[in-house]
Amino acid sequence: MNRTVKTIFLSSLMIILGLSAATTSLNESYETDVLIPNLDPQQTAPSLFNSGCNAGYYGPNWFSCVPCPAGKYQPNNGAYSCINAPAGKYVSTTGQTSATSCPPGKYQPSSGQTSCINAPAGAHVSNYGQTYYQLCPAGTYQSQSGQAWCNTVPAGSYANGNGNTFATYCPV
């Protein structure tokens, strides 16, 4: 930040705080040591339209950057809030810049979540970022949860209806 911008910023802040330029020094050490004592080394000076926080963080108030909580993220620098992970995605840790799509076998119907849910037995999730699971159709089954596919019933057995967790052997 150049000296003119620093002086304007400090002058504006001093007016807000009721300080006089005649009693206050505008040198570099005053700005960093007194007015911005907790400024993160990675943080830029905040303004009315920019918190000064890096991506993954937000500024709930001036001179304070907080990591976005799990379930939320912030891809942009200078944010004052974080964004909920959308349905079909999750954010498992703090300070993240993006949400991760749920992998096949898992889904997430809600926003702002920290993990995905395993598809139940008798169902599957075949693609990334899904918000729902699909029941295994007739003629297929899935005995385990968290799977991306349904198994075709073996010869000599059947699975009627949807959502089968096992195949039934045909009577002899």
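In case you missed it, the structure is sitting above this.
As the structure is a computational prediction, the values presented were derived from the model and not from experiment. (Residues numbered from 1 in each chain as written. Predicted model: local features only at pLDDT ≥ 70, side-chain atom pairs only at ≥ 80, totals over all residues. Heavy atoms only, no water.)

Time to look at the overall build of the protein. Along its length, the protein carries two helices and 14 strands. Per-residue burial over the protein gives 30% buried out of 172 residues. If you sum the accessible surface of the protein, you get close to 9,800 Å²; carbon and sulfur atoms cover 53% of it. (Helix = DSSP H or I, 4+ residues; strand = E, 2+ residues; numbered from the N terminus. Buried < 20%, exposed > 50% of the residue type's maximum accessible area, 1.4 Å probe, protein only. Areas by Shrake-Rupley, 256 points an atom, 1.4 Å probe, with all protein chains shown as cover.)

Attention now moves to the environment of Gln130. Its location among the elements puts Gln130 in the loop between β9 (123–124) and β10 (134–135). For the pair Gln130 and Pro103, spaced 27 residues apart in the sequence, the C-alpha separation amounts to 8.2 Å. In contact with Gln130, not counting residues within four places along its chain, are Gly88, Tyr107, Gln108 and Val125. There is a polar contact of 3.3 Å between the side chain of Gln130 and the backbone oxygen of Tyr128. (Contact = heavy atoms within 4.5 Å. Polar contact = N/O pair within 3.5 Å; in protein donor to acceptor, adjacent residues only side chain to side chain.)

Turning next to the packing of aromatic side chains. As enumerated under the stated definition, the model contains one aromatic pair in all. When the centroid spacing of 5.3 Å and the interplanar angle of 65° are considered together, the rings of Tyr107 and Tyr133 count as edge-to-face. Taken together, the positions of Tyr107 in strand β7 (residues 106–107) and Tyr133 in the loop between β9 and β10 put the pair 26 residues apart, joining distant regions of the chain. When its relative accessible area of 12% is taken as the criterion, Tyr107 is described as buried. Judged by relative accessible area, which is 34%, Tyr133 ranks as partly exposed. (Phe/Tyr/Trp six-rings, centres within 6.5 Å; stacked < 30°, edge-to-face > 60°.)

With that out of the way, let us pick up the environment of Gln134. With respect to the secondary-structure elements, Gln134 resides in strand β10. Residues Gln134 and Gly163 lie 29 residues apart in sequence; the distance between their C-alpha atoms is 8.4 Å. Residues in contact with Gln134, not counting those within four places in the same chain, are Ala123 and His124.

Considering all chains together, one arrives at four disulfides under this definition. One disulfide bridge connects Cys102 with Cys116, the sulfur atoms lying 2.0 Å from each other. Its S-S torsion of approximately -85° makes the covalent link between Cys102 and Cys116 left-handed. With Cys102 in the loop between β6 (100–101) and β7 and Cys116 in the loop between β7 and β8 (117–118), this pair connects stretches of sequence that are 14 residues apart. (Disulfide = S-S within 2.5 Å.)

On to the environment of His124, then. Following the sequence through the fold, His124 ends up in strand β9. The sequence separation of His124 and Tyr107 amounts to 17 residues, and the corresponding C-alpha distance is 9.5 Å. Ignoring any residue separated from it by four or fewer positions in sequence, one finds His124 in contact with Ala119, Tyr133, Gln134, Leu135, Cys136, Gln147, Ala148, Trp149 and Cys150.

Relative to the assigned elements, Gln108 resides in the loop between β7 and β8. A distance of 2.7 Å separates a polar side-chain atom of Gln108 from the backbone oxygen of Ser115. Sequence-distant contacts of Gln108, that is, excluding residues within four places in its chain, are made with Ala87, Gly88, Lys89, Cys102, Gln113, Ser115, Cys116, Ile117, Gln130 and Thr131.

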